[in-house]
Amino acid sequence: MTSSGLQTTLAPAPFPRIREAAPFGARPLLLVLLILASEPLVATSIDTASEPRAAAGALSDRLRMKYRNNGNKFDPAWLDDGLASRDELAGSFCDASNYGFSIESSAPPVVLVVYRKRLYFQPRDFYVRVRLDTGEMTVERGTNPESRAIFPWPPDPAVDAQRLRREWLSQHAALLLRIWWIGTSLCVSLSALWVWRAGRRSYGERSHAAVLALSALSCAWVVYAWIELEFLQATIMWLIAYVLGAGFFCGGVSSLIANRARTRMELTLSIAMALLVVPPAVVLFTELAQLSSNITHTMTLLPSTLLLTIGAQVMRHRSARL
């Protein structure tokens, strides 16, 4: 459960709720990977600071509720991991080890709900000052002024290692996707033009696969340009993107079928189209079919499918030359 789950049984905390990302399978076919390639993954719509603020606000609400239910009497034992479980505080960027408490005053009862930054990608330190008798809460930036704070949930090395690996992937995946997109696009363009102008077969025969490949690539680049212009709020643009995305895949698959791959350059065109079409198709299929519960499964299935596809094109090339 994310930090917002703490607020299900309590009054909503005065902090922004975390915005959930749209379902992966709801994107058009081509946009699935083009959106990732056009924008860095770290610059998502989720505000990293909103997660700990929502969790700290929910913890503050629980403190105030316990105070009221206990006859307006404060019990320090509440701060010993009794307000929430570790699973309730497990979010996308932070976990229970980021949160602690500090008693600033007993009369009047004032408690600090402390958030501390532990990993380099997490938001900066802040704390929430809660006055239990009046219910007043204020958010202060920086490290809590009390030197002795209670952190009831110790860090979990396994969770920290998993978060660091995921953050590394998110920081480098955008670069890898850009390399894939630009590299395969150049390969498709050059090989299609070469097949079109210098093929061994007649002009009509050799131009079929080349025209289909260039048409598919043109559709892909139009959608890519629209993404760069941030058209995502326009409904009509989404409809056009669906059409162009479907055209991209239909053109790419048609190019693979029409290309007999008799020459090495025609084989290069087939492999380039496979590298351009297969990755988003595999990612979308695994999401729609719910075959992948984590990125490891997808990254295992993706290269396996690519190798099988390239192997099939090589066999077509060898059989076409006989």
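Because the structure is predicted, anything quoted here is derived from the model rather than measured.

Another point: the sheet that holds strand S2 (residues 109–115). Spatial ordering of the open sheet is given by S1-S2-S3-S4, a layout of 4 strands whose pairing is antiparallel. At either margin of the open sheet sits one strand with a lone partner, and together these are strand S1 (99–106) and strand S4 (136–141). Across the sheet, the mean angle separating the axes of adjacent strands is 20 degrees when strand polarity is ignored. Judged from the 6 bridges that link them, strand S3 (residues 126–131) and S4 form a sheet pairing that is antiparallel.

Moving on, we get to the environment of Leu-89. Structurally, the position occupied by Leu-89 is in the loop between helix H2 (50–69) and S1. Along the primary structure Leu-89 and Glu-51 are separated by 38 residues, whereas in three dimensions their C-alpha atoms are 9.7 Å apart.

This part covers the packing of aromatic side chains. Counted by the stated rule, this structure contains 8 aromatic pairs. Each ring, one from Tyr-120 and one from Phe-121, has its centre 5.4 Å from the other, and the planes form 90 degrees; the classification is edge-to-face. Classification of Tyr-120 as partly exposed rests on a relative accessible area of 47%. Taking relative accessible area as the criterion, Phe-121 reaches 13% and is therefore assigned buried. Taken together, Tyr-99, Tyr-115 and Phe-126 form an aromatic cluster joined through their ring pairs. The positively charged end of Arg-53 is found above the aromatic ring belonging to Phe-126, 5.5 Å away from the centroid. The cationic tip of Arg-116 hangs over the ring face of Phe-151; the distance from NZ or CZ to the ring centre is 3.9 Å.

Criteria and cut-off values
Residues numbered from 1 in each chain as written. Predicted model: local features only at pLDDT ≥ 70, side-chain atom pairs only at ≥ 80, totals over all residues. Heavy atoms only, no water. Pairing = 2+ DSSP bridges. Helix = DSSP H or I, 4+ residues; strand = E, 2+ residues; numbered from the N terminus. Axes fitted to C-alpha atoms, helices over the stretch in contact; angles between N-to-C directions. Phe/Tyr/Trp six-rings, centres within 6.5 Å; stacked < 30°, edge-to-face > 60°. Buried < 20%, exposed > 50% of the residue type's maximum accessible area, 1.4 Å probe, protein only. Lys NZ or Arg CZ within 6 Å of the ring centre and 35° of its normal.

Everything listed here is a matter of geometry and, on its own, says nothing about what the molecule does.
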